[in-house]
Each structure stands twice: as C-alpha cells, then as structure tokens.
Amino acid sequence: MTLFDILIDDKKYSFIDTIRNKGKDYIAYSDYEGNVYISELVIESNKINFKEITDVEIQEIRSLMNI
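Reading guide: rules and limits
Residues numbered from 1 in each chain as written. Predicted model: local features only at pLDDT ≥ 70, side-chain atom pairs only at ≥ 80, totals over all residues. Heavy atoms only, no water. Helix = DSSP H or I, 4+ residues; strand = E, 2+ residues; numbered from the N terminus. Rg over C-alpha atoms; globule rule 2.2 N^0.38 Å. Buried < 20%, exposed > 50% of the residue type's maximum accessible area, 1.4 Å probe, protein only. Contact = heavy atoms within 4.5 Å. Areas by Shrake-Rupley, 256 points an atom, 1.4 Å probe, with all protein chains shown as cover. Lys, Arg positive; Asp, Glu negative; His and termini not counted. Charge placed at Lys NZ, Arg CZ, Asp CG, Glu CD. Arc of directions from axis to C-beta.

A.B. asks: With reference to specific residues and values, describe the overall build of the protein.
C.D. replies: Regarding its fold elements, the protein presents one helix and five strands. Along the protein, helices and strands appear, N-terminal first, in the series β-β-β-β-β-α. Since a compact globule built from 67 residues should have a radius of gyration of about 11 Å, the 12 Å found for the protein is in line with a globular shape. The principal-axis extent of the C-alpha atoms belonging to the protein is close to 30 × 30 × 20 Å. Scored against the burial criterion, the 67 residues of the protein give a buried share of 30%. Considering only intrachain contacts with a sequence separation of at least 6, the fraction spanning at least 24 residues in the protein is 26%. Surface exposure of the protein reaches about 5100 Å², of which carbon and sulfur atoms provide 48%. The centroid of the 8 positive side-chain charges in the protein is displaced by 4 Å from the centroid of its 13 negative side-chain charges.

What follows is the structure, encoded as structure tokens:
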C-alpha cells in the first residue's frame, strides 16, 4: 500500500520520506521504475514546490534518510 502518490507533469511518484536538515525541508520520492529522487520541499502561498538540490546535498540527505 502506498501512503500517497505525488503527481508531477502527469507522472506518478511514491512518497518515501521527509527530513529537516540545516533549516531546510527535503522530500524523497520514487517513480515506479525504482528511481529515487530527493528535492528541497518549499511551501509558499499554499503551494508545494520541489526545488532542485546539488549532488552533495542529495548524498547528505540520502545518508541521513538511510536510503
């Protein structure tokens, strides 16, 4: 069972986890082909946006999330 799906440009992703690190919120999600993505989670004006992060940040967050 999936907690919830994330829809981005008509493609479905599965929620994995969120974490707060150094004052920023991050989200991990995967497509249904097994690829894992990590983005900064930004909420502004009642909208949720996923912001690209650097490869260094991705590795740090993956380590913190144990994924």
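Structure shown, so let's carry the discussion forward.
A.B. asks: Pulling in residues and values, what's your account of helix α1 (residues 55-65)?
C.D. replies: Every buried residue of α1 is accounted for by Glu57, Ile61 and Met65. Mapping the buried residues of α1 onto a view down its axis gives an arc of 60 degrees, with all of them on the same face. Within α1, the exposed residues directed more than 90 degrees away from the buried face are Asp55, Val56, Gln59 and Ser63. Those residues of α1 that are buried lie in contact with β2 (11-21), β3 (24-31) and β4 (36-44). Immediately beyond the C-terminal end of α1, within one or two residues, lies asparagine 66, with a positive phi of roughly 60 degrees.

A.B. asks: Before we move on, can you summarise the environment of isoleucine 61 with the specific residues and values?
C.D. replies: Note on placement: isoleucine 61 falls in helix α1. The exposure class of isoleucine 61 is buried, given its relative accessible area of 1%. Counting along the chain gives 41 residues from isoleucine 61 to arginine 20, while the straight-line C-alpha distance between them is 9.2 Å. Setting aside residues no more than four positions away along its own chain, isoleucine 61 makes contact with Ile19, Asn21, Tyr26 and Ile38.

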